[in-house]
Amino acid sequence: MTYQQYYNSLTKQISDSQKHINEQNKLLKGEKGYLDKEDMYTYMHLRTELNGLLIKSDKVFKLITTGEINPNDEIDPAVLPDTF
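Before going into details, it helps to say that this report is about the structure given with it. The model shown is predicted, which means the values in this text are computed figures rather than measured ones. (Residues numbered from 1 in each chain as written. Predicted model: local features only at pLDDT ≥ 70, side-chain atom pairs only at ≥ 80, totals over all residues. Heavy atoms only, no water.)

**A few points about the pattern of salt bridges**
Put simply, the rule reads: Note on definitions: salt bridges are taken to be side-chain nitrogens of Lys or Arg within 4 Å of carboxyl oxygens of Asp or Glu. What counts as a helix is a DSSP run of H or I of at least four residues, what counts as a strand is a run of E of at least two, and both are numbered from the N terminus.
Counting across every chain of the model gives four salt bridges. Of the charged contacts, one joins D58 and K62 as a salt bridge, the two residues approaching to 3.3 Å between their closest N and O atoms. In this pair, D58 and K62 are both assigned in helix α2 (residues 37-65), four residues apart and thus about one turn of the helix distant. Within the structure, one salt-bridge network assembled from shared partners comprises K32, D36 and D39.

**Details of the nonpolar core**
Formally: Working definition of a nonpolar core: buried Ala, Val, Leu, Ile, Met, Phe, Trp, Tyr and Cys residues. They are joined through side-chain atoms within 4.5 Å. Buried, partly exposed and exposed residues are distinguished by accessible area as a fraction of the type maximum, computed with a 1.4 Å probe on protein chains only: under 20%, between the cut-offs, and over 50%, respectively. Should any heavy atoms of two residues lie within 4.5 Å, those residues are considered in contact.
Residues Y3, Y6, V60 and L80 are the most contacted members of the largest nonpolar core, which totals 17 residues. Contributing elements (two or more residues each) for this core: α1 (3-29) and α2. Here Y3 is in contact with V60, I64, I69, N70, P71, D73, E74, I75, D76, V79 and L80, once residues within four sequence places are set aside.

Right under this line is the structure:
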């Protein structure tokens, strides 16, 4: 997988995650119209996962745009130890 493919994959995952969070938020609130304590923990877990994807995407984007890596090179785990 190249850096560009990985970045594109992360972008898709972010989009999917945001849609899922919006759907889950509606389901968790349900008829009561608010998030109770258990629902809030579930929602926060989903947001934490999304934030992780955003951080990974940002790191790859910065590496590509600064020229530190070639977007068409194969991913080197040493360059992205905490993101891949």
